[in-house]
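The chain contents come next:
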Amino acid sequence: MLTTLKDVLTFAEEKNAAIPHFNIDNLETIEAIMDGVEAEQWPVILSVGQGAIKAGQVVYLSDLVKRIASETDIPVVLFLDHGIGYEQAKMVLDLGFTSVMFDGSRLPLEENIRISRQVKELAESYGASIECELGSIGGVEDGMKGGHNLVDLSQVEPFVQAVHPDALAIGIGNAHGMYKAAPSFDFDRIRACRQMKDIPPLVLHGGSGTPDPMIRKAIELGIRKINVATELRMAFMEGLEETVGKRDFYPMLKHAKEKVTAVVVQKIRLFRGSAVWEGKE
Ligand code: G3H
Ligand code: ZN
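Here the structure is a predicted model, which is why all the values come from computation and not from measurement.

K.L.:
Help me understand the state of the cysteines, please; the structure alone is not making it clear to me.
P.N.:
In protein chemistry, a disulfide is the covalent bond that joins the sulfur atoms of two cysteines. Under the counting rule described, the total for this entry stands at zero disulfides. As a non-bridged cysteine, Cys132 has Cys193 as the owner of its nearest cysteine sulfur, 14 Å distant. Cys132 sits in the buried class, given a relative accessible area of 0%. On the accessibility criterion, Cys193 (0% relative accessible area) is buried.

K.L.:
For this particular structure, what's the right way to read the site of ligand 1?
P.N.:
Close to ligand 1 lie 16 residues, the nearest being Asp81, Gly177, Ser208, Ala229 and Thr230. Asp81 is positioned such that a nitrogen or oxygen atom in its side chain is 2.5 Å from an oxygen atom of ligand 1. Interatomic distance of 2.9 Å between a side-chain N/O atom of His176 and an oxygen atom of ligand 1. With the chains in place, 100% of the 300 Å² that ligand 1 exposes on its own is no longer accessible.

K.L.:
Mind showing me how you'd approach the environment of Pro108 here?
P.N.:
Within the secondary structure, Pro108 sits in the loop between strand 5 (99-102) and helix 6 (109-125). In this structure Pro108 comes out as exposed when scored by relative accessible area, which is 52%. Counting along the chain gives 119 residues from Pro108 to Asn227, while the straight-line C-alpha distance between them is 24 Å.

K.L.:
Explanation requested: the coordination of the zinc ion (ligand 2) in the structure shown.
P.N.:
Of the protein atoms, only His82 (NE2), His176 (NE2) and His205 (ND1) coordinate the zinc ion (ligand 2), at distances of 2.0 to 2.1 Å. Here the donor residues for the zinc ion (ligand 2) map to a single chain with the spacing H-x93-H-x28-H. On the criterion of sequence distance, the pair formed by His82 in strand 4 (residues 76-83) and His205 in the loop between strand 11 (202-204) and helix 9 (212-221) is long-range, its members being 123 residues apart. The exposure classification of His82 matches that of His205, with both residues buried.

Rules used in this analysis
- Residues numbered from 1 in each chain as written.
- Chains lettered and ligands numbered in written order.
- Predicted model: local features only at pLDDT ≥ 70, side-chain atom pairs only at ≥ 80, totals over all residues.
- Heavy atoms only, no water.
- Disulfide = S-S within 2.5 Å.
- Buried < 20%, exposed > 50% of the residue type's maximum accessible area, 1.4 Å probe, protein only.
- Near = heavy atom within 4 Å.
- Polar contact = N/O pair within 3.5 Å; in protein donor to acceptor, adjacent residues only side chain to side chain.
- Areas by Shrake-Rupley, 256 points an atom, 1.4 Å probe, with all protein chains shown as cover.
- Helix = DSSP H or I, 4+ residues; strand = E, 2+ residues; numbered from the N terminus.
- Donors = N, O, S within 2.8 Å, 3.2 Å for Na, K, Ca; no water.

By themselves, these are just geometric observations and shouldn't be taken as functional.
What follows is the structure in structure tokens.
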């Protein structure tokens, strides 16, 4: 069933676990992700990023997700990733997205607050949730080059008190894309943010290639949403490469999907720990 970011992160908070945010790019990746979700019976955030939007896929992807979400009891969030502003947020909310991110992390704090408040009010008018960002994420995602700025802790409470986002992505040394060397996260910043008044569930971007022990520690400290895109895309492309030579179309797609589903299952098991989603009898 289609639900909001706020709903699934409230559940994650109760379970001291994290909900996966998987970027979707076509029918096959949606199907592959949902095969893993159904196998593991755990809520999921299906995310449309700026690359899919630039490729003109947003209407079709939203229709596919709404249809597929209607066929399962598992909570599914239809999410705009790294949203660029009010108009884009409105466009996707009109398509039925249940949650949007506004990424103002590279703006001056006051500007980030101003636009985040506008998008928050807009999202609320649709009954939708909003994720915001402080401290930018390194690496490159969908052609967007990130900064690599750790979250400035002095900005967190003023931002949260002014905006009251449903989720907050923070820069702790994480980066989009596969890491060339093991990343080093500033875990103290997660601890510090968690102490702050009215802090919403925290989000870790750049989940691909992050060593499992670091993911477990981030969840223990309070990360409740973890984003993964690159690993899924790599799995899909590897699956195609491994079979395209046989020139057998549907077996090729099936193999590529199975590779994606294997990553999805591994991530869900890692993010959920020992938690169980109640919907499972
Ligand atoms: O917003 C999307 C995620 O942050 C994806 O990061 O490609 O490193 O998994 P990733
Ligand atoms: Zn991201």
